[in-house]
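Inside the fold
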Amino acid sequence: MRIFVFFDLPTVTPEQRRNYTRFRKHLIKNGFLMLQESVYCRMALNQNAAKTISDNVRRNKPPSGLVQLLTVTEKQFTKMEFIAGEFKSDVVDTDERLLIL
């Protein structure tokens, strides 16, 4: 499973910028990878692990702004299409069980 975190946080005041930075660093520290600006993704082994990760994000959300969570299966994730530009990555995004590098 994959957990997506989408967020739109205000950055007008210095305190809001600190909250934005803290939240973003929290996501990175907890294994989330940035897909786009303000869109992060993390892999979860099962539904229970996904719930634990989601609860952790909820506990560390900033006081203002919008944070959204979306959980998708690996099969759904691998159907993601990249429309514009070239995509180069060392990240393996396959749903096969055996992978030889």
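One can find the structure itself at the top, above this paragraph.
The sections below set out a description of the structure shown in this document. Values in this document were obtained by computation on a predicted structure and should not be read as measured data.

1. Here's the deal with the overall build of the protein
From N to C terminus, the protein includes three helices and four strands. Reading the helices (α) and strands (β) of the protein from amino to carboxyl end gives β-α-β-β-α-β-α. The buried share of the protein, reckoned over its 101 residues, is 25%. Partitioning the contacts of the protein with sequence separation of at least 6, the portion at a separation of at least 24 is 66%. Total accessible area on the protein is roughly 7800 Å²; 52% of this is exposed by carbon and sulfur atoms.

2. Overview of the side chain of Asn19
Among the structural elements, Asn19 can be located in helix 1 (residues 14-29). Taking relative accessible area as the criterion, Asn19 reaches 13% and is therefore assigned buried.

Reading guide: rules and limits
Residues numbered from 1 in each chain as written. Predicted model: local features only at pLDDT ≥ 70, side-chain atom pairs only at ≥ 80, totals over all residues. Heavy atoms only, no water. Helix = DSSP H or I, 4+ residues; strand = E, 2+ residues; numbered from the N terminus. Buried < 20%, exposed > 50% of the residue type's maximum accessible area, 1.4 Å probe, protein only. Contact = heavy atoms within 4.5 Å. Areas by Shrake-Rupley, 256 points an atom, 1.4 Å probe, with all protein chains shown as cover.

In short, the description is geometric, and any link to function would need to be established separately.
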